[in-house]
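So you can see what is in the structure, the chains are spelled out below.
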Protein chains: 2
Amino acid sequence: MSTSTLSVGSLDEITFSVEDVPSVIEDYFFEGAEKLLEIWFDKNQGGATSLRSIPYSELVAMLDIARCHILHSRSSECMDSYVLSESSMFVSDFRIILKTCGTTRLLHTVRRILHLAKIYCNVDNVVSVFYSRKSFIRPERQPFPHSSFETEVDYLEEHFTGGSAYCIGPRRQDCWFLYTMVAPRAAFPFPEHTLEILMNGLPEDVLNVFNPSVSKDGKDCRMKSAINTILPPGIIVHEELFNPCGYSLNGLIPHSDHYIMIHVTPEPDFSYVSFETNQNTLNLSEQMLKVLEIFRPNKFLLTIFTNDLSNEGKEAQKNLWDLKICGCHRTNLQFLELPTETLVYAQFERAENME
Amino acid sequence: MSTSTLSVGSLDEITFSVEDVPSVIEDYFFEGAEKLLEIWFDKNQGGATSLRSIPYSELVAMLDIARCHILHSRSSECMDSYVLSESSMFVSDFRIILKTCGTTRLLHTVRRILHLAKIYCNVDNVVSVFYSRKSFIRPERQPFPHSSFETEVDYLEEHFTGGSAYCIGPRRQDCWFLYTMVAPRAAFPFPEHTLEILMNGLPEDVLNVFNPSVSKDGKDCRMKSAINTILPPGIIVHEELFNPCGYSLNGLIPHSDHYIMIHVTPEPDFSYVSFETNQNTLNLSEQMLKVLEIFRPNKFLLTIFTNDLSNEGKEAQKNLWDLKICGCHRTNLQFLELPTETLVYAQFERAENME
């Protein structure tokens, strides 16, 4: 995913010094790997309304801080979906998911999000926070605090207490960082699970589709790539084919807070695709395999979070644990128990890479 | 474990700058948590003899580099055991295990160990390396490269290639670091497992035993503490009660390369006990529980490595996975798949601590 125009951040929100500005970019590069932030507020807090009552103009100003902007949005009964200049945002009554790629300053939005929740939704109890990302290819090009996970955690700890920070996978190779904070006595009395697939090194015939010279628009990308075959019936989709290249899709599953996100960075030198969903209308493991069939990555990592109430999440974790993929070698498998959820993490690499 | 005299390292081996020297120690503190290094050499390398043919004087000089020395040693048919001024060393034909606490410079010995293996044992193929340690209470007091895991990994990577570095557990709380390198196509055609228990915050009545004012020698500590009840029959034991306080025990199980190590730092302000064994003559899970009964720590972490051939290791991992300990809360559980082994890691904390 690429973008040619960047909105200017509200400078009063951002305090950064000269050292924080990445050095001049000498060669063209785009960091496809996203920063992903998910914040859950307390729906039981007295007087709480809904995060969806935050005015559009305030969301625009908040995203300005991250250095990205809204391209278009769709809504279902339960959720508002925004395709951004860099990735996606989903706003439900008490949950906000913000996923931004490139050199966006995602964590700079935290203070504003907390402020907006208080002003417009009357809620300041944060029930849980998840911040995660894959290791960057070029961390030195990231703005403060994103150039290292240490500084990101420092930043998060200015806003939240009692969190834990994990590095999953080998620290100096492809790995994945997770910060999570769950408030004491927080309970999630409903099934919750999330599948994420982060893919690198895709074949050129797969990548070509996500170029305006090959596809005329987002829908054309969706059909040509076969992404349409993995979308559940009835899904509300909005999507973008970027110029000069790149693709984003947000999908909302009606009558639920379930979503799908797909982001494609198709430049062969640093190709990257992410797929994320919390849906339960399909078999998660089957969908995982279909996604891998469509994108045929050389290297990929899979994460499945689930709480104990989600049978589908637990089943998908079990399947991931036992997963064999023809022609691929599992280079890492980890399990992590968190206060209200568990995580299974697996990394794979195509065998021919490893000769 | 404490020591009043330190041997002087061979300065030609150690290159350190003024910055590497820890700042003046203002208050009395001893870092009980050990650095643990295990190196396996290739027994199939042509002309290879045995690491046990390394002369004693060379081992003394090697340990000088780490800033520790041999107190006494015992041998079985398969292994030589050394109780050190700071922890323990075990030398088998093709495996060396060196575990040192305090502010020892363990990793500085790597070059010398590789040199000695080549000169005296005719072997320079390293099959696998494991370096691990718990997070230090006072990392700033550690000499280079031990003040951070990053610099330790840098140091290891000067000697070994193809390794992976992991942080297990939450990075900013109690956690555990592991570097592991397994040579491509390395095979361990025999069952292998290791249990380690690292304990903090022990009750004073447990700690008191490990003082010369209460116990007259190492054997007296062993009997009074009930450590004797967890030792298998026939074990060859040698042990030390330190002055002013502290205790170490090495045990060799005859006709095998199996060992037990126990190290006790009994100062209440920074009490720490470690237990490690690779034995298979007892039920590992039962032994784990007995160790916890003897030491009654407030916080502890357990690690079990096993390869696929060790039914006992796999069983112990499974038991650890399901382990409930009355009055204790599991604060972390992780599983990690490595090239030839798997690891289960669990952290516990006494519930009354967590109110």
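Residues numbered from 1 in each chain as written. Chains lettered and ligands numbered in written order. Predicted model: local features only at pLDDT ≥ 70, side-chain atom pairs only at ≥ 80, totals over all residues. Heavy atoms only, no water.

You'll find chain A entered in an unreviewed UniProt entry as S-adenosylmethionine decarboxylase proenzyme, with Loa loa given as the organism. Taken from UniProt, the Sequence similarities (unreviewed entry) comment for chain A reads in full: "Belongs to the eukaryotic AdoMetDC family." According to its UniProt record, chain A has this under Pathway (unreviewed entry): "Amine and polyamine biosynthesis; S-adenosylmethioninamine biosynthesis; S-adenosylmethioninamine from S-adenosyl-L-methionine: step 1/1." (UniProt positions renumbered as here; feature names shortened; annotations may be inferred.)

Enquirer: I'd like to hear about the state of the cysteines, residue by residue, with values.
Expert: Residue and element names in this part refer to chain B. A full pass over the atoms with the stated rule returns zero disulfides over all chains. You can see C221 has no disulfide; the closest cysteine sulfur is in C245, sitting 10 Å from it. Here C328 is not disulfide-linked; the sulfur of C326 is the nearest cysteine sulfur, at 8.1 Å. The exposure class of C328 is buried, given its relative accessible area of 16%. (Disulfide = S-S within 2.5 Å. Buried < 20%, exposed > 50% of the residue type's maximum accessible area, 1.4 Å probe, protein only.)

Enquirer: Now, about the UniProt feature "modified residue: Pyruvic acid (Ser)" (unreviewed entry) in chain A: what can you tell me, with residues and values included?
Expert: Residues and elements named next belong to chain A. Per the UniProt record, "modified residue: Pyruvic acid (Ser)" (unreviewed entry) is found at S87. Relative to the assigned elements, S87 resides in strand β4 (residues 87-92). Looking at S87, the relative accessible area reads 0%, which means it is buried. (Helix = DSSP H or I, 4+ residues; strand = E, 2+ residues; numbered from the N terminus.)

Enquirer: Residues and numbers for the UniProt feature "active site" (unreviewed entry) in chain A, please.
Expert: Residue and element names in this part refer to chain A. The feature "active site" (unreviewed entry), as given by UniProt, occupies S87, C101, S248 and H263 in the numbering adopted here. These annotated residues cover 177 residues of sequence, and their C-alpha atoms lie no more than 11.2 Å from one another, placing them together at a single site. Here S248 lies in strand β11 (residues 247-253). According to the relative accessible area criterion, S248 is buried, its value standing at 0%. Structurally, H263 can be placed in strand β12 (residues 258-265).

Enquirer: Describe the nonpolar core, naming the residues involved and giving the relevant values.
Expert: General note: in soluble globular proteins, nonpolar side chains tend to be found buried as a group. M199, I262 and F295 of chain A together with M199, I262 and F295 of chain B are the most contacted members of the largest nonpolar core, which has 84 residues in total. Once residues lying within four places of it in the same chain are set aside, the contact partners of I262 of chain B are I227, I230, Y247, S248, L249, V273, S274, F275 and F295 of chain B. (Core = buried A, V, L, I, M, F, W, Y, C linked by side-chain atoms within 4.5 Å. Contact = heavy atoms within 4.5 Å.)

Enquirer: Can you tell me about the interface of chain A and chain B, naming the residues and giving the values?
Expert: Facing 25 residues of chain A, the contacting portion of chain B comprises 25 residues. Surface buried jointly by chain A and chain B totals about 2200 Å² across both partners, of which 37% is contributed by carbon and sulfur atoms. Sorting the residues of chain A by area buried against chain B places R171, R172 and E337 of chain A first, and these three jointly supply 34% of that buried surface. At the junction of chain A with chain B, the criterion picks out ten salt bridges. In this structure, E157 of chain B engages R172 of chain A in a salt bridge whose closest nitrogen and oxygen atoms are separated by 3.2 Å. Linking chain A with chain B are 21 residue pairs in polar contact (both at pLDDT 80 or more), by the criterion used here. Of all elements in the fold, only α3 (149-157), β7 (164-168) and β15 (328-337) of chain A reach the threshold of two or more residues within the side of chain A that touches chain B. In terms of residue count, the dominant contributor to the side of chain A that touches chain B is β15 of chain A (seven residues). A class-by-class count of the residues in the side of chain A that touches chain B yields twelve nonpolar, six polar and seven charged. Note: β15 of chain A against strand β15 (residues 328-337) of chain B, three bridges, orientation antiparallel. (Buried area = accessible area lost by both parts, 1.4 Å probe. Salt bridge = Lys/Arg side-chain N within 4 Å of Asp/Glu carboxyl O. Polar contact = N/O pair within 3.5 Å; in protein donor to acceptor, adjacent residues only side chain to side chain. Nonpolar A, V, L, I, M, F, W, Y, C, P; charged D, E, K, R; others polar. Pairing = 2+ DSSP bridges.)

Enquirer: Tell me about the environment of I236 of chain A, and please be specific about residues and values.
Expert: Residue and element names in this part refer to chain A. Positionally, I236 belongs in strand β10 (residues 236-241). When its relative accessible area of 24% is taken as the criterion, I236 is described as partly exposed. With 62 residues separating them in the primary sequence, I236 and N298 have C-alpha atoms 30 Å apart. Sequence-distant contacts of I236, that is, excluding residues within four places in its chain, are made with R74, S75, S76, N250, G251, L252 and P254.

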